[in-house]
Amino acid sequence: FGISKFAAYGKGLTQTGAPLGTVSYMAPEQLKSGRNVGIASDLYAMGSVLFSLLTGAPPFEAENDIELVARILTTEPAPIHTVRPGLPPALCELVDQLLAKDPANRPKSARVVQRALLAIAPPEVHSVFEAATRLARVPIQLSAAELSSASTRAPAPLASPQTRPQRGAQEA
């Protein structure tokens, strides 16, 4: 989604406490003060991404960032079922909770969101959730040479499942 900064905070330089992120996906508390961010802000962003994926547009839109910030801070997002009828009610409830203005009204953790999504998802995709959870726990180890060359070259294309080396296999 990219990163945007408010021009009011300086000429492209980040500053301590300055909001940093894509405005459309930033939580109200993050827009008020960059110091009040935490898991609840991340969950709000997740709700914004889910809303966008399910409807084709972010929960709030405006002509400019100032108007967008005002809308995020002062208006409620449209309930997702009104924008995209036919979605499972439990999914609509989850997205609406993730977009709550008050962080205390959002799910308490990413684990709670994961469990809610698993409860909504058909059984045949549960293995995808489980695989993603396992992959998220695998540390990525790069040598010093790989780290230095990674910063000077374009990223390599992702390997297809057929060409991806098996876990634990030695690289040539």
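Residues numbered from 1 in each chain as written. Predicted model: local features only at pLDDT ≥ 70, side-chain atom pairs only at ≥ 80, totals over all residues. Heavy atoms only, no water.

1. Structural notes on the packing of helix α2 (residues 39-55) against helix α5 (residues 89-98)
Here comes step 1: Between α2 and α5, the least distance of the axes is 8 Å, while the angle of their chain directions is 135°. Classed by the angle they form, the pair α2 and α5 counts as oblique. The interaxial crossing formed by α2 with α5 has left-handed handedness. Every residue of α5 that contacts α2 at L43, Y44, G47, L50, F51 and L54 is listed here: L91, V95 and L98. (Axes fitted to C-alpha atoms, helices over the stretch in contact; angles between N-to-C directions. Helix = DSSP H or I, 4+ residues; strand = E, 2+ residues; numbered from the N terminus. Parallel < 35°, antiparallel > 145°, perpendicular 65-115°, else oblique. Left-handed = near helix turned anticlockwise from the far one by under 90°. Contact = heavy atoms within 4.5 Å.)

2. Looking at α2
One turn of an α-helix holds 3.6 residues; hence residues three or four places apart share an orientation.
Here comes step 1: Taking 1.5 Å of rise per residue, 17 residues should cover 24 Å, and α2 covers 24 Å from first to last C-alpha, within 8% of that figure.
Here comes step 2: Of all the positions in α2, only A40, S41, L43, Y44, G47, S48, L50, F51, S52 and L54 are classed as buried.
Here comes step 3: Packing partners of the buried residues in α2 comprise α1 (28-32), α3 (65-74), α4 (80-83), α5 and α6 (110-120).
Here comes step 4: Positive phi shows up at G56, right after α2, with a value of about 90°. (Expected span 1.5 Å × (residues − 1). Buried < 20%, exposed > 50% of the residue type's maximum accessible area, 1.4 Å probe, protein only.)

3. Some details on the confidence of the model for the chain
Here comes step 1: Averaged over all residues, the pLDDT of the chain equals 79, while 67% of them reach at least 70.
Here comes step 2: For the chain, the element scoring lowest by mean pLDDT is helix α8 (residues 144-150), at 58; α5 scores highest, at 98.
Here comes step 3: In the model, residues 1-15 has pLDDT below 50 throughout and makes 24 contacts with residues more than four positions away in sequence or in other chains.
Here comes step 4: Here residues 155-172 scores under 50 on pLDDT; set against residues more than four positions off or in separate chains, the count is four contacts. (pLDDT = per-residue confidence, 0-100.)

4. A look at α3
Here comes step 1: Taken together, the buried positions of α3 are occupied by L68, V69 and I72. Down the axis, α3 shows its buried residues gathered within 100° of arc, on one side only. The exposed set on the far side of α3, more than 90 degrees from its buried face, consists of I66 and T74.
Here comes step 2: Sitting at the head of α3, N64 places a side-chain oxygen 3.1 Å from the backbone nitrogen of I66. (Arc of directions from axis to C-beta. Polar contact = N/O pair within 3.5 Å; in protein donor to acceptor, adjacent residues only side chain to side chain.)

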